[in-house]
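Survey of secondary and tertiary structure
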Amino acid sequence: MAFTRKRQREQQLQLYSKERFSLLLLNLEEYYFEQHTAFHIQSQSSHEERKIRGSLKICSKSVIFEPDAISQPIIKIPLRDCLKIGKHGENGAHRHSAKAKSSGISLIFRQVYFIKEHNIVAPYKIERGKMEYVFELEVSGKVEDVVETLLQLHRASCLDKLGDQTAMITAILQSRLARTSFDKNRFQSVSEKLHMECKAEMVTPLVTNPGHVCITDTNLYFQPLNGHPKPVVQITLQDVRRIYKRRHGLMPLGLEVFCTEDDLCSDIYLKFYEPQDRDDLYFYIATYLEHHVAEHTAESYMLQWQRGHLSNYQYLLHLNNLADRSCNDLSQYPVFPWIINDYSSPELDLSNPGTFRDLSKPVGALNQERLERLLTRYQEMPEPKFMYGSHYSSPGYVLFYLVRIAPEYMLCLQNGRFDNADRMFNSIAETWKNCLDGATDFKELIPEFYDEDVSFLVNSLKLDLGKRQGGQMVDDVELPAWASSPQDFLQKNKDALESSYVSEHLHEWIDLIFGYKQKGSEAVGAHNVFHPLTYEGGVDLNSIEDPDEKVAMLTQILEFGQTPKQLFVTPHPRRITPKFKSVSQASSYSASVTDSPVSPGEESFEDLTEESRSLAWNNITKLQLHEQYKIHKEAVTGIAVSCNGSSVFTTSQDSTLKMFSKESKMLQRSISFSNMALSSCLLLPGDTTVISSSWDNNVYFYSIAFGRRQDTLMGHDDAVSKICWHNNRLYSASWDSTVKVWSGVPAEMPGTKRHQFELVAELEHDVSVNTINLNAVSTLLVSGTKEGMVNIWDLTTATLLHQISCHSGTVCDAAFSPDSRHVLSTGVDGCLKVIDVQTGTLISSMASEEPQRCFVWDGNSVLSGSRSGELFVWDLLGAKISERIQGHTGNTLTGNTLRQTPCVLWVPLHILVGQRYVFQVP
């Protein structure tokens, strides 16, 4: 559980300092400056006094005294309630001793808070009336400085305007920071090299702590100005796994550092005073990480989730993280959806769609009657309009759920009080009903509802949270009838989140919270419009000159809640669930691994089991050079392999088609159709005919048995760049900006002329087409052009489904994943792009330092051939290069010339002379 882990870390720091005091005792936006060992002097008679030893904390809006004895309450005196501050004994004040006169500080005030008596977390006790407290410092020489500081802070607290108060306190803080610097004696090693130092604040829920940030070549440090809760926080750069820029109060000032891969709880969250300081520190750490850790994007996580490598829970955590949601910032706490709609049945039926909440609607739109009232108000509202007066996530809502494990946070947020007992988180069913029917309650859930820690549901601290109107005390959360225990409730919540129904519909909720329905006309249509201040860019705080207005605006932003950063601007693809994975496994293995959807190479691959295919891909990084042959004088452009793997056919820019025997290791035939280059080749079923495409605008059919040209198809007005074949249909791509689909029936007798091919479809493009590929069942075709466009076509209707601008130059290769859910493309710009077929969304992008000319892939991993001759193994889900294999000393030719056979990868490349290397998977 995110918040529980956060509390555990804070408690570890508290153990280090052995204090009851925490920054949560301060008001919101208050700073803790310094502390002094002191004695609280209590007069018991005219001649007797009692001294209580403790620590006197000087804060920007209050004075706090923490007695050493836990039986004594912590004392908090707001500076705004002080009537007089001075040295004890001045102006006729009581003088109990010379020591008191010289080292005592007198505070005369009208209100005081008593907190954590006997170390029990409870609502603060308040005592009102004029009174005087005297504190004697252990170091008497500091009295004058402390009194001067208190008088200065008292003047700030008594200013009429809140903006003026904030400005004066900020000036005091900046002056203190300017007079100090990071203590270099805190470096872990004397050999560390300092790279930068700046002022910043460490952010924890509801509070910030000012100090100095320092980064060296090996460590990141933060030294609090007040030394609380420990003198220095140190993070080894080698341990850092992730780093994110954050918005804090809608300003680009935050930076969060993680030393874990998946934990939502970070190791440090820093807020800077200047965006440039934040960016400089980010750049240095990111540069360090570039050589150690792969960067993850929303698109890369989307791909992992779609393909089942991330659970729904994990994916939502990652999206929250990328959208600036942090457990350190309660105004941007991670948001999770209500999933279950049934909290009254004795049994929970996850096979019934009626059990689930409609994920395509925000909470405010789930009740049609309430929505109509809200829409009526919306229509009558002047600009800027909004449908909901409260947000689905705010500090108050987060602590509503977490009060049983984070009572001090609730007390901090609500000025030392718990909420009314009847408004507390008493019952799951009641809370859900209020979210459906309440006039102003539209809250979603938090990650804790789908984790394993039940402590937020149980009053294990035995807190006195009040008595309800019916007379019952607020205790554990009341669970629905179908949950036998808190553990059972969370387990069933998790089961519901990972259910088939939610997997099929979660993308709809993502569209509302993180996606294209978050803003604009789509948000209006989805009834998903919140107050403008909650959105990124909704207000420019720097443009507000009035300090009062600026402070009020910032307070409203922090307390009201913030909408996540928008991650997607197009519809989010749905998840690939088992029922969507039924793409003809009985047909060809994959159109993505060859230049033809069904070819002898693939048919031989069909003899392999799914397990052996997986084994081959799992061992792809162990690829080794097995054999090497010189075949052509120019670049090899295509390759086809017979079913039994004994014969290899290659085409080349030297205008020849050649047949090579793997068994005899000898060249058996060399055929030339014209003096123009051949661009690709494939074998027809039965291994009797080879088809070759040519730059002379033609497609040639060659009979293997009779050793002669069987037919010529003159179908284009420019070079034919690529051909595919499936179920007696030929697909040809050309530089004349077309892809043509031809119907043809093979001759009954080998060697005889074919019947005339019939043109059944023509797919028109704006520019030259460089490559094409079919999906496994030949219902979809992907084409790549010379201007970087990737087009996805529906072959059943010959219509264009999606046109995506992917590359800054020619598309070298493009192919479908085995399940037809994604398209991968490579270009001369060196990028690999993954596209969701259903929505046409570009969901992942990876870059290399050179063009990847051709590739094969299994949907998760990619083997590509680069311009330099190296083979690259890519982990798409991890967004990284797994292996680089030096196979060639020249360029890998553009085009789909990597061909997978049962156990060998045939990779045609060229240096000065065309070559073909054979690589064996161990």
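Keep in mind that what you see is a predicted model, and the values were worked out from it rather than measured.

A count of helices and strands for the chain gives 17 helices and 42 strands. For the chain, with 922 residues in total, the buried portion stands at 60%. Here the analysis covers contacts within the chain between residues at least 6 apart in sequence; of these, 58% occur between residues at least 24 apart.

Moving on: the pairing of strand E20 (residues 678-683). Within a regular strand, side chains alternate between the sheet's two faces. With six of six residues buried, E20 lies mostly within the body of the structure. Pairing geometry for E20 and strand E21 (residues 689-694), over five bridges, is antiparallel. Note that in E21 the partner of Ser 680 across the bridge is Ser 693. The hairpin formed by E20 and E21 contains five residues between the paired strands, and Gly 686 there has a positive phi angle of roughly 100°.

What follows covers unusual backbone geometry. Each neighbour pair has its own omega, and for His 228 with Pro 229 the value is 0°, a cis peptide bond. With respect to the element layout, Pro 229 can be found in the loop between strand E10 (219-224) and strand E11 (233-236). A cis geometry characterises the amide bond from Glu 383 onward to Pro 384, with omega recorded as -5°. Secondary-structure assignment places Pro 384 in the loop between helix H8 (368-380) and helix H9 (395-402). In the Ramachandran plot, Lys 665 falls in the positive-phi region, its phi being about 55° despite a non-glycine side chain. Within the element layout of this structure, Lys 665 appears in the loop between strand E18 (656-661) and strand E19 (666-672). Even without being a glycine, Asn 697 presents a positive backbone phi close to 80°. Relative to the elements of secondary structure, Asn 697 occurs in the loop between E21 and strand E22 (698-703). Residue classification places Asn 697 among the partly exposed residues on the basis of a relative accessible area of 21%.

Below, the discussion takes up the environment of Val 690. Along the chain, the position of Val 690 falls in strand E21. Residues Val 690 and Phe 649, spaced 41 residues apart in sequence, show a C-alpha to C-alpha distance of 8.1 Å. Leave out the neighbours within four places in its chain, and Val 690 touches Phe 649, Leu 657, Cys 681, Leu 682, Leu 683, Tyr 700, Phe 701, Tyr 702 and Ile 704.

This part is about helix H12 (residues 486-497). The terminal C-alpha atoms of H12, which comprises 12 residues, lie 17 Å apart, in line with the 16 Å expected from a rise of 1.5 Å per residue. Three or more residues of H12 are buried, namely Asp 488, Phe 489, Leu 490, Asn 493, Lys 494, Ala 496 and Leu 497.

With that out of the way, let us pick up the pattern of salt bridges. Following the criterion strictly, the structure yields 28 salt bridges and no others. A salt bridge links Asp 419 to Arg 423, with the shortest nitrogen-to-oxygen separation between them at 2.9 Å. Residue Asp 422 pairs with Arg 468 through a salt bridge whose shortest N-O separation is 3.3 Å. Pair noted here: Asp 422 is in the loop between helix H10 (407-413) and helix H11 (428-437) and Arg 468 is in the loop between H11 and H12, with a separation of 46 residues, a long-range link. Salt bridges here are not isolated pairs; linked through shared partners, they connect Arg 246, Arg 247, Glu 256, Asp 324 and Lys 565.

Looking now at the packing of aromatic side chains. In the structure shown here, the tally under the stated rule is 34 aromatic pairs. Look at Tyr 388 and Phe 442: their rings are 4.8 Å apart centre to centre, the planes differ by 50°, and that puts the pair in the tilted class. One end of the pair, Tyr 388, is in the loop between H8 and H9; the other, Phe 442, is in the loop between H11 and H12, and 54 residues separate them in sequence. Of the two residues examined, Tyr 388 and Phe 442, each falls in the buried class. Ring plane angle 20° and centroid distance 5.8 Å describe the contact between Trp 482 and Phe 489, whose orientation is recorded as stacked. Take Trp 482 and Phe 489: they sit in the same class, and that class is buried. Three or more aromatic residues joined by ring pairs make a cluster, and in this case those are Trp 338, Tyr 343, Phe 400, Tyr 401, Phe 425, Trp 432, Phe 449, Phe 456, Trp 482 and Phe 489.

This paragraph deals with the packing of helix H4 (residues 162-178) against helix H15 (residues 547-560). The contact between H4 and H15 brings their axes to 7 Å, and the two run at 85°. Judged by the angle between their axes, H4 and H15 are roughly perpendicular. Where H4 approaches H15, its residues Leu 162, Gly 163, Asp 164 and Thr 166 are matched on the opposing element by Pro 547, Asp 548 and Val 551. A class-by-class count of the residues in the contact of H4 with H15 yields three nonpolar, two polar and two charged.

What the four strands build is an open sheet, ordered E28-E29-E30-E31; its pairing is antiparallel. Among the strands making up the open sheet, the edge pair consists of strand E28 (769-774) and strand E31 (799-805). In this sheet, neighbouring strand axes are inclined to one another by 20° on average, regardless of whether the strands run parallel or antiparallel.

The next point concerns the sheet that holds strand E33 (residues 822-827). Read from one edge of the open sheet, four strands run E32-E33-E34-E35, paired in antiparallel fashion. In the strand order of this sheet, the two ends are held by strand E32 (811-816) and strand E35 (842-847), each with one partner. Across this sheet, the average inter-strand angle for adjacent strands is 15°, counted without regard to direction. Alignment of E32 against E33, held across five bridges, turns out to be antiparallel. In the strand pairing of E33, Asp 813 is matched with Thr 826.

With that settled, consider the confidence of the model for the chain. Of the residues in the chain, 86% reach a pLDDT of 70 or more, and the chain-wide mean stands at 85. Of the regions scoring below 50 in pLDDT, residues 13-17 engages in 12 contacts with residues more than four places distant in sequence or in other chains. Note on residues 579-608: pLDDT under 50 across the span, and 103 contacts to partners over four residues away in sequence or across chains.

What follows concerns H4. For H4, built from 17 residues, the straight-helix expectation of 24 Å at 1.5 Å per residue is met to within 8% by its first-to-last C-alpha distance of 24 Å. Against the buried residues of H4 lie strand E1 (32-43), helix H3 (143-157), strand E8 (194-204), strand E9 (207-216) and H15.

What follows covers the side chain of Arg 247. Relative to the helices and strands, Arg 247 resides in strand E12 (residues 242-248). In this structure the side chain of Arg 247 is engaged in a polar contact, spanning 3.1 Å, whose partner is the side chain of Asp 324. A polar contact is formed between the side chain of Arg 247 and the backbone oxygen of Thr 563, at a distance of 3.1 Å. When near neighbours in sequence (up to four residues on either side) are disregarded, Arg 247 contacts Tyr 269, Ala 323, Asp 324, Asp 329, Gln 332, Glu 536, Gln 562, Thr 563, Pro 564 and Lys 565.

A word on the environment of Glu 34. Inspection of the secondary structure puts Glu 34 in strand E1. Glu 34 gets classed as buried once you look at its relative accessible area, which sits at 18%. With 22 residues separating them along the chain, Glu 34 and Leu 56 place their C-alpha atoms 8.4 Å apart. Each residue touching Glu 34, except ones within four places of it in the same chain, is listed here: Leu 56, Lys 57, Ile 58, Val 146 and Arg 176. A distance of 2.8 Å separates a polar atom in the side chain of Glu 34 from a polar atom in the side chain of Arg 176.

With that out of the way, let us pick up a negative patch on the surface. On the surface, a cluster of negative charge is contributed by Asp 160, Asp 164, Glu 545, Asp 546 and Glu 549. Here Glu 549 is to be found in helix H15. What makes Glu 549 partly exposed here is its relative accessible area of 41%.

As a further point, take the environment of Ile 85. Topologically, Ile 85 is positioned in strand E5 (residues 82-87). According to the relative accessible area criterion, Ile 85 is buried, its value standing at 9%. Setting aside residues up to four positions removed in sequence, Ile 85 forms contacts with Leu 79, Ser 106, Leu 107, Leu 150, Leu 151 and His 154.

Let's shift gears to the packing of helix H7 (residues 312-322) against helix H13 (residues 500-513). H13 packs onto H7 with a crossing angle of 15° between their chain directions and a minimal axis gap of 11 Å. On the basis of their axis angle, the class for H7 and H13 is roughly parallel. Every pair of crossing elements has a handedness; the one defined by H7 and H13 is right-handed. Here Asn 312, Tyr 315, Leu 316 and Leu 319 of H7 lie close against H13, whose contacting residues are Val 502, Ser 503, Leu 506, Trp 509 and Ile 510. When its residues are assigned to classes, the contact of H7 with H13 shows seven nonpolar, two polar and no charged.

Here is what the cut-offs are and how they apply
- Residues numbered from 1 in each chain as written.
- Predicted model: local features only at pLDDT ≥ 70, side-chain atom pairs only at ≥ 80, totals over all residues.
- Heavy atoms only, no water.
- Helix = DSSP H or I, 4+ residues; strand = E, 2+ residues; numbered from the N terminus.
- Buried < 20%, exposed > 50% of the residue type's maximum accessible area, 1.4 Å probe, protein only.
- Contact = heavy atoms within 4.5 Å.
- Pairing = 2+ DSSP bridges.
- Expected span 1.5 Å × (residues − 1).
- Salt bridge = Lys/Arg side-chain N within 4 Å of Asp/Glu carboxyl O.
- Phe/Tyr/Trp six-rings, centres within 6.5 Å; stacked < 30°, edge-to-face > 60°.
- Axes fitted to C-alpha atoms, helices over the stretch in contact; angles between N-to-C directions.
- Parallel < 35°, antiparallel > 145°, perpendicular 65-115°, else oblique.
- Nonpolar A, V, L, I, M, F, W, Y, C, P; charged D, E, K, R; others polar.
- pLDDT = per-residue confidence, 0-100.
- Polar contact = N/O pair within 3.5 Å; in protein donor to acceptor, adjacent residues only side chain to side chain.
- Patch = residues over 30% accessible without salt bridge, like charges linked within 9 Å, V, L, I, M, F, W, Y side chains within 5 Å.
- Areas by Shrake-Rupley, 256 points an atom, 1.4 Å probe, with all protein chains shown as cover.
- Lys, Arg positive; Asp, Glu negative; His and termini not counted.
- Charge placed at Lys NZ, Arg CZ, Asp CG, Glu CD.
- Left-handed = near helix turned anticlockwise from the far one by under 90°.

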